[in-house]
Amino acid sequence: MKSYFITGTDTDIGKTCVVAGLARSLKQNQINVGVMKPYASGSKKNTKFRSTDVEILVDAAQVNDPEELLNPYFFSIPASPFSAAKKLGVHIDNNIVLERFKKLQHLHDMMLVEGIGGVLTPILANYYVIDLIKDMNLETIIVTSSKIGTVNHTLMTCKMCEKYNVTVRGLIINDHEPGYNTSDLKQDFEDLTGISVLGIIPHIDPFNIEILSQILSKKIDLKSLIRF
Ligand SMILES: Nc1ncnc2c1ncn2[C@@H]1O[C@H](COP(=O)(O)OP(=O)(O)OP(=O)(O)O)[C@@H](O)[C@H]1O
Ligand SMILES: [Mg+2]
C-alpha cells in the first residue's frame, strides 16, 4: 500500500484535520494505517502527548505506537525546527526521524505523515521539509485553502515539489475560510498545475473528525489512494 506525506501551503491550513480524517476513514475500511508527525512545535498542553497534533492523529488512527516513534522531535516554542532547535540548544539528527519512520512502516501497512508548516519550513540550515519528503521517499498530498492568495501559495508549493522531483498525488482544498468559489478554484489549480484536486472540504461547524471522515470517504477515492 502507498504511504503519503501530507504537507500544506501554510501553517493552520488543515494538515492535521486531513491526516486525522483520512486515517479514520482508512481505519474504518480495515486498513492498518499508522501516523507520524516527525517534527512538532508549539506550547506544550496538558495532554497525553507533548503535541496536540499527535494526540489528534493517534485518536483518529487508534494506534498504540510510542511517542518517540510518532513524534521524534517536539519543540516547546511555536517556531520552525531550525529556529526552535537553535533557541533551545537541541541538536537535530534527521537520521533518527528516518529510522523511526522505518520502524513505523514495519508496524503498519500504510503510513500518513504530517509535515510542519509548508515545504520550505527549515529543519536544518539547507534542509527543509521538502528534503524530508524526498528522504522519506514518499508521495505528497498538499492541503490548500480557498482564501484569496491561495493560488500563489499553491503554485509555489507545487513548483518546489517539481524542482525536488517529489510526486504530488493531489491537492485537497480546505474551504474552511471564505474565499474563492471552490469549483472555479479546482479548475484553475488543475489547469495551472496538471495535478488533480482530490477533494474539497467544507467548513464544518462544530468541527468533528467523524464528520470530516464521512465527508472524505464520500469525496475521495480511498481505493485509488491505497493502491500501489
Ligand atoms: N474544514 C474545517 N472546518 C472547520 N474547522 C477547521 C476545518 N479545517 C481546519 N479547521 C480548524 O482549523 C484549525 C487548523 O487546522 P489544523 O490544525 O488541521 O491545521 P494544520 O495545518 O495542521 O496546522 P499546523 O501547521 O499547526 O500543524 C484547527 O483548529 C481545525 O480544527
Ligand atoms: Mg497540524
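Structural data are supplied above this passage.
Keep in mind it's a predicted model, so treat the numbers as computed, not measured. (Residues numbered from 1 in each chain as written. Chains lettered and ligands numbered in written order. Predicted model: local features only at pLDDT ≥ 70, side-chain atom pairs only at ≥ 80, totals over all residues. Heavy atoms only, no water.)

Undergrad: I'd like a rundown of empty space enclosed by the protein, residues and numbers included.
TA: To find leftover empty space, one rolls a probe the size of a water molecule over the atoms. Summed over the entire model, instances satisfying the criterion amount to 2 cavities of 30 Å³ or more. Taken together, Asp-12, Ile-13, Ser-145, Lys-147, Asn-174, His-176 and Glu-177 make up the full set of residues lining the largest cavity. When the residues that make up the lining of the largest cavity are grouped by side-chain class, the tally is 1 nonpolar, 3 polar and 3 charged. Taken as a whole, the second largest cavity encloses approximately 30 Å³ of empty space. Lining the second largest cavity we find Phe-5, Pro-38, Tyr-39, Glu-114, Gly-115, Ile-116, Ile-123, Val-129 and Leu-132. When the residues that make up the lining of the second largest cavity are grouped by side-chain class, the tally is 7 nonpolar, 1 polar and 1 charged. (1 Å grid on protein atoms, 1.4 Å probe; cavity = no way out; pocket = protein on both sides within 12 Å on 5 of 7 lines; lining within 4 Å. Points joined across faces, edges and corners; volume = space filled by probe spheres on them. Nonpolar A, V, L, I, M, F, W, Y, C, P; charged D, E, K, R; others polar.)

Undergrad: Just give me the short version of the pairing of strand β10 (residues 197–202), but keep the residues and values in it.
TA: Of all 6 residues in β10, 5 are buried, a share of seventy percent or more. Where strand β9 (residues 168–175) meets β10, 5 bridges bridge the pair, whose relative direction is parallel. Bridging across to β10, Asp-175 finds its partner in Pro-202. Between β9 and its parallel partner β10, the chain crosses via helix α8 (residues 182–193), and the hand of that crossover is right-handed. (Buried < 20%, exposed > 50% of the residue type's maximum accessible area, 1.4 Å probe, protein only. Helix = DSSP H or I, 4+ residues; strand = E, 2+ residues; numbered from the N terminus. Pairing = 2+ DSSP bridges. Right-handed = clockwise from strand over helix to strand, strands pointing away.)

Undergrad: Lay out the environment of Thr-16 in plain terms, naming residues and giving numbers.
TA: Structurally, Thr-16 can be placed in helix α1 (residues 15–28). Taking C-alpha positions, Thr-16 is 6.8 Å from Glu-114, a pair spaced 98 residues apart along the chain. Ignoring any residue separated from it by four or fewer positions in sequence, one finds Thr-16 in contact with Asp-53, Ile-56, Leu-57 and Glu-114. Within the local environment of Thr-16, its side chain forms a polar contact with the side chain of Asp-53, the two groups lying 2.9 Å apart. (Contact = heavy atoms within 4.5 Å. Polar contact = N/O pair within 3.5 Å; in protein donor to acceptor, adjacent residues only side chain to side chain.)

Undergrad: A description of the side chain of Thr-157 should follow, citing residues and the corresponding values.
TA: Examined against the element boundaries, Thr-157 turns out to sit in helix α7 (residues 150–163). Accessibility expressed as a relative area gives 5% for Thr-157, which makes it buried. Other than its neighbours up to four places away in sequence, Thr-157 contacts Gly-8, Thr-9, Val-119 and Ile-142.

Undergrad: Run through the layout of surface pockets, naming residues and quoting values.
TA: Roughly 630 Å³ of internal volume is contained in the largest pocket. Around the largest pocket, the lining comprises 32 residues; the ones closest to its centre are Asp-12, Gly-14, Thr-16, Asp-53 and Glu-114. Of all the elements in the fold, those that place two or more residues in the lining of the largest pocket are α1, β3 (39–41), α2 (52–61), β10 and α9 (209–219). For the lining of the largest pocket, the element with the most residues is α1, which contributes 4 residues. For the lining of the largest pocket, the per-class residue count stands at 13 nonpolar, 12 polar and 7 charged.

Undergrad: Please provide a residue-by-residue account of the sheet that holds strand β1 (residues 4–8), values included.
TA: The strand order across the open sheet formed by 6 strands is β2-β5-β1-β8-β9-β10, and the pairing between neighbours is parallel. Strands at the two margins of the open sheet, each flanked by one partner only, are β2 (33–36) and β10. Strand-to-strand twist in this sheet, taken as the mean axis angle between neighbours without regard to direction, amounts to 20°. Together, β1, β2, β5 (110–114) and β8 (139–145) form the strand contacts of helix α6 (residues 129–136), whose direction differs from that of β1 by roughly 170°. (Axes fitted to C-alpha atoms, helices over the stretch in contact; angles between N-to-C directions.)

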